[in-house]
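Each chain, letter by letter, is given below.
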Amino acid sequence: MADNAPSPITPFRIEVPQRDLDDLRDRLQRTRWAPEVPGTGWKRGVPTGYLRKLADHWADGFDWRAREAELNELPQFTTTAGGTRLHFLHVRSAEPEATPLLLLHGWPGSFAGFHHLVGPLTDPAAHGGDPADAFHLVVPSLPGYGFSGPPPATGWTDGSTAAALTELMSLLGYEHYGVHGGDVGAFIAPLMGRLAPENVTGVHVNSLLTFPVADPPVMGSLTGRERERLDGMKRWQEEQGAYMQLQATRPQTIAAALHDSPAGQLAWIVEKFKDWTDPAAETPDEAVELDDILTDVSVYWFTGTAGPSAHTYFERFNDPAMWAPEPRGSVPTAVAVFPTDFSIRPLAEKAHRVVRWTEFERGGHFPSLETPDLLTDDLRKFFRTLREPVSRGITYGEPAS
């Protein structure tokens, strides 16, 4: 193949070896369980009793082969983009005018977390929707996650991932497309809009982090509720941000623990399903189906990506571009705000061209698993507005003449 020839796109199936399933069960059954301080509940982390219940189900109740078969019903592929191996779902709608849409997960999520959205987004007519709202879906495992390869070298930043995903969409023949991202994906999706504004028609995000700005009029105009969110983000950094500091500073240390212990990997992720899901849920499995949680954890375990995904945090926090001022994004952007999000509109508008802002009363950090109905509806409504002005021959955001 010539050096400038497009990378081949190869069909892919998930086929976890039986020996890996047997090894997981053996390790879980031999777990050396940590003692806990009585009466502290979740205040100091995942209670051992709750963790043991989940581990027992993972070992003897959870059917990975059934989940593997369900995921393999979706068309999966691998290719090389940006110098790294990318794994992705590519599910085309039967509707010829469907909008191409890239769905980006975050940490501790995976491509599998979008499986509830595939049917409603690609075939809305079969799910009570309008066929005009159909999407062609591309759902990658981010570099360092799942069945994608690890970043090929140190210095691989979110900008590197954005460039690789832009290349992927070009390889697939999509000249114009939308991007949705949550968590880490909410960093990468806007970067794609800045990198390729002529290709990205719209950016939709949830769990968008918005930071204080050196602009006294903007900071002085914040409402009481917005100041509460700012205070909430500060408390989150102080009380729940230890995982981020560790992955951003000593990723190899935490990799040693999580790569060897499935119970440790389970605790590391389940803690976030407790902290970040709908506050009305008392336990993670009340907010998200337990087998959905275990599917997510299993992807990390079987692919051995606790370490590679942690290293992406190191690169992010050591990337000068992450903290450097940049021009306001020009691509129309929609922000979905769920109860555990700290997004503040005036701060978001300093960095992004926000044209839609939706606040929800239920759900949390993982809407594709917690409230797929709300996320599906918001995606349809946002991208519908981007199509309709074009059909009328006007520019989005400007009044018709």
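Not measured: the values here are computed from a predicted model. (Residues numbered from 1 in each chain as written. Predicted model: local features only at pLDDT ≥ 70, side-chain atom pairs only at ≥ 80, totals over all residues. Heavy atoms only, no water.)

This part takes up helix H11 (residues 262-275). Along its 14 residues, H11 runs 20 Å from first to last C-alpha, staying within 8% of the 20 Å computed at 1.5 Å per residue. Burial within H11 is extensive, with ten of its 14 residues counted as buried. Among all positions in H11, only Pro-262, Ala-263, Gln-265, Leu-266, Ala-267, Trp-268, Ile-269, Val-270, Lys-272 and Phe-273 are buried. (Helix = DSSP H or I, 4+ residues; strand = E, 2+ residues; numbered from the N terminus. Expected span 1.5 Å × (residues − 1). Buried < 20%, exposed > 50% of the residue type's maximum accessible area, 1.4 Å probe, protein only.)

So, on to empty space enclosed by the protein. Enumeration over the complete set of coordinates arrives at three cavities of 30 Å³ or more. In this structure, the largest cavity occupies an estimated 190 Å³ of space. The wall of the largest cavity is formed by 20 residues, among which His-105, Gly-106, His-365, Phe-366 and Ser-368 lie closest to the centre. Secondary structure elements with two or more residues in the lining of the largest cavity: strand E6 (177-182) and helix H17 (367-370). A per-element tally of the lining of the largest cavity places H17 first, with three residues. Among the residues making up the lining of the largest cavity, the classes are represented as eight nonpolar, ten polar and two charged. Looking at the second largest cavity, its volume works out to about 80 Å³. Lining the second largest cavity are Leu-142, Pro-143, Tyr-145, Trp-156, Thr-157, Asp-158, Thr-161, Val-184, Ile-188, Thr-312, Glu-315 and Arg-316. Counting residues per element, the lining of the second largest cavity draws most heavily on helix H14 (residues 306-317), which supplies three residues. In the lining of the second largest cavity, the residues fall into six nonpolar, three polar and three charged. (1 Å grid on protein atoms, 1.4 Å probe; cavity = no way out; pocket = protein on both sides within 12 Å on 5 of 7 lines; lining within 4 Å. Points joined across faces, edges and corners; volume = space filled by probe spheres on them. Nonpolar A, V, L, I, M, F, W, Y, C, P; charged D, E, K, R; others polar.)

The strand order E1-E2-E3-E5-E4-E6-E7-E8-E9 describes an open sheet built from nine strands, whose pairing is mixed. Each having just a single partner strand, strand E1 (10-12) and strand E9 (353-359) make up the two edges of the open sheet. Strand-to-strand, the axes of this sheet are offset by a mean angle of 25°, without reference to chain direction. Direction of pairing for strand E4 (residues 99-104) relative to E6: parallel, over a ladder of four bridges. Of the residues in E6, the one forming a bridge with Leu-103 is His-180. (Pairing = 2+ DSSP bridges. Axes fitted to C-alpha atoms, helices over the stretch in contact; angles between N-to-C directions.)

Moving on: the packing of H11 against helix H13 (residues 290-303). Following both chains from N to C, one finds H11 and H13 inclined at 135°, their axes separated by 10 Å at the closest point. Comparing the axis directions of H11 and H13 gives the class oblique. Considering the relative orientation of H11 and H13, their crossing is right-handed. Packed against H11, whose contacting residues are Pro-262, Gln-265, Leu-266, Ile-269, Val-270 and Phe-273, the element H13 presents Ile-293, Leu-294, Asp-296, Val-297, Tyr-300 and Trp-301 at the interface. (Parallel < 35°, antiparallel > 145°, perpendicular 65-115°, else oblique. Left-handed = near helix turned anticlockwise from the far one by under 90°. Contact = heavy atoms within 4.5 Å.)

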